[in-house]
Amino acid sequence: MNDQPSPSLYGKEPEASTPPQAPSLMDQIVGVFTSPVDLFKRLNPTPSWGWAMGLLITASLILAVVWALKVDLDEMLRPMLERNPQIQASQIEMIIEMQKKFILPIGALGALFGTPSVLALVGLFYWLVGKGMAEAEAPNYPQALAAAVVPALVKLPHMILILVICLARPIGGLTPDKLAPTSLGYFLHPDSLKWQALLYGIDLFVLAEAFLSYLALRYLTRLKVAGALLCVLGPLLLGVGMRVLGAK
C-alpha cells in the first residue's frame, strides 16, 4: 500500500510557515546584557513588552516602599525647607509631619502609575519620531513601546543594589539615586546643589540604558541614526535638565 500523500490537483502545497516567537522575559533580561542587537532584531517582528513592564513596575514598587519605610524625612526635608524663604520656621514641623503620612502612598502610586506612564510617553515619542525618520517603513506603536521598555531592564541590578543598601544599613535622608556608588555625584561633592544634581544624573546605569535605547531604536524600530540620536538625547537631556532646575 502506498502511504505517500497524493499530490494536490494544483501542485505541491507550500508548507505552513511558523510565525516567529517573541522573546520571553528571561530572554529579554539576558539579552540586554549579553546580545542586545540580536534581541532587538528578534523583537522587531514580535514586539513583546508586557512582562518587562510588569517586572519594572514591581521592582519600582518594592524599592519605593522599602525606601519610604527607611528614609529619615526630617533629615531629607529640613535643609530644603530652611533654605526656602517663603516657608516660615513655624511651618517646617507641620510640613514634615504631613509628608511622613503621605510619602508611602505617594511612592507606591508613583511606582504603579508613574512608571508605566513615563514609559508609554517615551514610546509615543519614539513612534512619532519614527513616522518621519525611519529607514524604511515607519514603526508601529508596539515596536516603539518595546524600544522604550526593554532597554530599561538594564536598570534591574541598580534597583536591586539600592534595595540591598536600604535593607542593610541606615540611609538617613538620602534619596534612592544617592545611595549607590554608580554616579559621579557619589564621589564628587561640590557646594552647588545644581552641580550635585548634575553629577548624580551622570550614572552608569542611566548611560547604559541610553546606549541600549539607541540600539533598540536602530534595530527594533529601524530608525535612522539621526532619529535614534534625537530619541535618546531628547529624553536624557530633558531628565537631567529638570533634575538640575529642581535642585534647591
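Residues numbered from 1 in each chain as written. Predicted model: local features only at pLDDT ≥ 70, side-chain atom pairs only at ≥ 80, totals over all residues. Heavy atoms only, no water.

Asks: Teacher, can you tell me more about the overall build of the chain here?
Replies: Summing up its helical and strand segments, the chain has 11 helices and zero strands in all. When the elements of the chain are put in sequence order from the N terminus, they spell out α-α-α-α-α-α-α-α-α-α-α. Expected size for 248 residues packed as a compact globule is a radius of gyration near 18 Å; at 24 Å, the chain overshoots this value by more than 25%. The C-alpha extent of the chain, read off along each of the three principal axes, is 95 × 40 × 30 Å. (Helix = DSSP H or I, 4+ residues; strand = E, 2+ residues; numbered from the N terminus. Rg over C-alpha atoms; globule rule 2.2 N^0.38 Å.)

Asks: I tried to follow the packing of helix 9 (residues 193–201) against helix 11 (residues 225–245) on my own but got confused; where do I start?
Replies: Two quantities define a packed helix pair, namely the angle between the helix axes and the distance between the axes. Between helix 9 and helix 11, the shortest axis-to-axis distance is 8 Å and the interhelical angle comes to 150°. Relative to helix 11, the element helix 9 lies roughly antiparallel. The handedness of the crossing between helix 9 and helix 11 is right-handed. Here Lys194, Ala197, Leu198, Tyr200 and Gly201 of helix 9 come into contact with helix 11, specifically with Val240, Arg243, Val244 and Leu245. Partitioning the contact of helix 9 with helix 11 into residue classes produces six nonpolar, one polar and two charged. (Axes fitted to C-alpha atoms, helices over the stretch in contact; angles between N-to-C directions. Parallel < 35°, antiparallel > 145°, perpendicular 65-115°, else oblique. Left-handed = near helix turned anticlockwise from the far one by under 90°. Contact = heavy atoms within 4.5 Å. Nonpolar A, V, L, I, M, F, W, Y, C, P; charged D, E, K, R; others polar.)

Asks: How do you make sense of the nonpolar core when you look at a structure like this?
Replies: The tendency in soluble globular proteins is for nonpolar side chains to be buried side by side. Grouped together as the largest cluster of nonpolar side chains are 53 residues, with contacts concentrated most on Phe40, Trp67, Leu153 and Leu217. No other element matches helix 3 (residues 50–70), which puts eight residues into this core. (Core = buried A, V, L, I, M, F, W, Y, C linked by side-chain atoms within 4.5 Å. Buried < 20%, exposed > 50% of the residue type's maximum accessible area, 1.4 Å probe, protein only.)

Asks: Help me understand helix 3, please; the structure alone is not making it clear to me.
Replies: An α-helix turns once every 3.6 residues. As a result, residues three or four positions apart point the same way. End to end, helix 3 covers 30 Å across 21 residues, agreeing with the expected 30 Å (1.5 Å per residue, within 8%). Of all the positions in helix 3, only Ala52, Met53, Leu56, Ile57, Ser60, Leu63, Ala64, Val66, Trp67 and Ala68 are classed as buried. Buried residues belonging to helix 3 abut helix 1 (25–34), helix 4 (73–83), helix 5 (89–133), helix 6 (141–149) and helix 7 (156–168). (Expected span 1.5 Å × (residues − 1).)

Asks: So what exactly am I meant to see when it comes to the environment of Ala22 here?
Replies: The residue Ala22 is located in the segment before helix 1 in this model. Ala22 has contacts with Arg42, Thr46 and Ser48, leaving out every residue within four places of it along the chain.

On their own, these measurements won't tell you what the molecule is for.
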